[in-house]
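Notes for the structure review
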Amino acid sequence: MKEFDLEGLSREMPYKMPEHFLDDMTERVMSKISREQQEQRRRHKERRIYVLFASAASAAAVALLLIHPFKIGGPTIPDYESISQCASIDEVFQSMSTDELGVYSMMSNYYGN
Amino acid sequence: MKRDRSDSMNSQGSLSVSDESIARLLCDDNHVEEAVRLIMKKYGEPLYWHIRRMVVAHDDAEDVLQETMINVYKYRSTYSNEFPLSSWLYKIATNESLKLLKNRAGYSMSVDDLGDSLKDSVRAEASPDADETLLLLQEAIALLPTKQKMVFNLRYYEDKSYEEIHQIVGDSVNTLKTNYHYAVQKIKDYITEHEL
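No experiment lies behind these values; they were computed from the predicted model shown.

Secondary structure assignment for chain A yields four helices and zero strands. Secondary structure elements of chain A occur, N-terminal to C-terminal, as α-α-α-α. Looking at the 113 residues of chain A, the share that counts as buried comes to 4%.

It is worth spelling out the nonpolar core at this point. Residues and elements named next belong to chain B. Within the largest apolar cluster, 57 residues are counted, with the highest numbers of intra-cluster contacts made by Ile 22, Ile 39, Ile 51, Val 55, Leu 89 and Val 151. With 11 residues, helix H2 (residues 32–55) is the single largest residue contributor to this core. Residues lining this core come from more than one domain, with at least three contributed by each of domain 1 (15–108) and domain 2 (110–196). Residues within four places of Val 55 in sequence aside, it is in contact with Asp 60, Ala 61, Val 64, Ser 97, Leu 100 and Leu 101.

Quick look at H2 of chain B now. Residue and element names in this part refer to chain B. If you check H2, its first and last C-alpha atoms are just 28 Å apart, much less than what 24 residues at 1.5 Å a residue would give, namely 34 Å. Within H2, the axis deviates most sharply at Tyr 43, by approximately 60 degrees, and proline Pro 46 lies no more than four positions further along. Val 56 lies just past H2 and shows a positive phi near 70 degrees.

On to the interface of chain A and chain B, then. If you look at the interface, chain A gives 22 residues, while chain B gives 31 residues. Across the side of chain A that touches chain B, the residue classes break down as 13 nonpolar, two polar and seven charged.

Another point: helix H1 (residues 21–67) of chain A. Compared with an ideal rise of 1.5 Å per residue, which puts 47 residues at 69 Å, H1 of chain A spans 69 Å between its outermost C-alpha atoms and is within 8% of the ideal. Sparse coverage of H1 of chain A is indicated by the burial of one of its 47 residues.

Tracing the backbone through its elements, the reader meets Leu 137 of chain B in helix H6 (residues 132–142). As a C-alpha pair, Leu 137 of chain B and Val 122 of chain B span 15 residues in sequence and 9.8 Å in three-dimensional space.

Residues and elements named next belong to chain B. At a minimum axis distance of 9 Å, the contact between helix H3 (residues 58–74) and helix H4 (residues 85–105) shows a crossing angle of 130 degrees. Classified by the angle between their axes, H3 and H4 sit oblique to one another. Handedness of the H3/H4 crossing: right-handed. Contacts from Asp 60, Asp 63, Val 64, Glu 67, Thr 68, Asn 71 and Val 72 in H3 reach Leu 89, Ile 92, Ala 93, Glu 96, Ser 97 and Leu 100 in H4. Of the residues belonging to the contact of H3 with H4, the class tally is six nonpolar, three polar and four charged.

Now for the environment of Glu 125 of chain B. Following the sequence through the fold, Glu 125 of chain B ends up in helix H5 (residues 115–125). Among the residues examined, Glu 125 of chain B registers 22 C-beta atoms within 10 Å and is labelled buried. Between the C-alpha atoms of Glu 125 of chain B and Glu 45 of chain B, which are 80 residues apart in sequence, the distance is 18 Å. Here Glu 125 of chain B is in contact with Tyr 15 of chain A together with Val 56, Ala 57 and His 58 of chain B, once residues within four sequence places are set aside.

For the rest of this paragraph, the subject is the packing of H2 of chain B against H4 of chain B. Residue and element names in this part refer to chain B. Contact geometry for H2 and H4: axes closest at 10 Å, N-to-C directions at 35 degrees. You can see that H2 and H4 cross each other, and the crossing is right-handed. Here H2 contributes Ile 39, Tyr 43, Leu 47, His 50, Ile 51, Met 54 and Val 55 to the contact with H4, which in turn contributes Ser 86, Leu 89, Tyr 90, Ala 93, Ser 97, Leu 100 and Leu 101. Here the contact of H2 with H4 is built from residues that sort into 11 nonpolar, three polar and no charged.

Residues and elements named next belong to chain B. With domains assigned, chain B is organised as domain 1 (15–108) and domain 2 (110–196). One C-alpha centre belongs to domain 1, the other to domain 2, and the line joining them spans 21 Å. Taken together, the contacts link 17 residues of domain 1 with 19 residues of domain 2. Looking at the side of domain 1 that touches domain 2, the elements with two or more residues in it are H2 and H4. With nine residues, the single largest contributor to the side of domain 1 that touches domain 2 is H4. Split by residue class, the side of domain 1 that touches domain 2 holds nine nonpolar, four polar and four charged.

Quick notes on the rules
- Residues numbered from 1 in each chain as written.
- Chains lettered and ligands numbered in written order.
- Predicted model: local features only at pLDDT ≥ 70, side-chain atom pairs only at ≥ 80, totals over all residues.
- Helix = DSSP H or I, 4+ residues; strand = E, 2+ residues; numbered from the N terminus.
- Buried ≥ 20, exposed ≤ 12 C-beta atoms within 10 Å, placed from the backbone.
- Core = buried A, V, L, I, M, F, W, Y, C linked by C-beta atoms within 7 Å.
- Domains from an automatic or database assignment.
- Contact = placed C-beta atoms within 7 Å.
- Expected span 1.5 Å × (residues − 1).
- Bend = angle between axes of the 7 residues up to and from the residue.
- Nonpolar A, V, L, I, M, F, W, Y, C, P; charged D, E, K, R; others polar.
- Axes fitted to C-alpha atoms, helices over the stretch in contact; angles between N-to-C directions.
- Parallel < 35°, antiparallel > 145°, perpendicular 65-115°, else oblique.
- Left-handed = near helix turned anticlockwise from the far one by under 90°.

Written out as structure tokens, the structure is:
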């Protein structure tokens, strides 16, 4: 059987490309690229806003720490100075009126103090 | 941007811009749209036919060409001047064609298993006045394993050198030569067997 001559065959395709197909395709691709660019710009803008807010929040946190530093370790206990500033119990009794002292004495008897 | 000296008027009188100029425009964010337009003008048709030979159906070729051009835009920063622009474009188009075929094949089949369905599409897609031998040739190509099909199409229709095909497909030149040899033999056998 004679071998088929492939090289002698036409390079033509048995299909057709629709008319104006490439022009339409170019416009479609360009409009998709334009949308893609807009989307990229939007994402870029969003990222910049996010970075701006994050930087502002960090700066505010650092400023707060400098102004009001945290006290680390348990509940705060009043120091001796602040206790010593309290009026003594005798001074309190001295400043009370006779009626108030009467009420105090009645309540002390009632509650057993 | 200034055009390259190699930019010239072709026989039809339209400006033929060199690949170097297009590549420079592509890397410049202010001229990227112009570069994509120039690529469509210069390579749109050959890329369409390269894709169509792989996927057969026009609708599929349309989707793949569009995705190819979008990827050209998206991945323009990956283009290296070490390779010709045309090889880079053909590589993207080939990968996108394979992606479509892989999606079509699904998980249970390989792309090579699509041969019969692609062969059936040849006649469905052909022009009514298509030459019978050309139809047989396309059927034979459709039945080839993917690698052989890619090498055969790029060499037979696009007249690419093995070095260029290596840049597109990635296999060694010797492997490509072997693939082409087997492809030609299978095609000849198919046409001889089916020709009236």
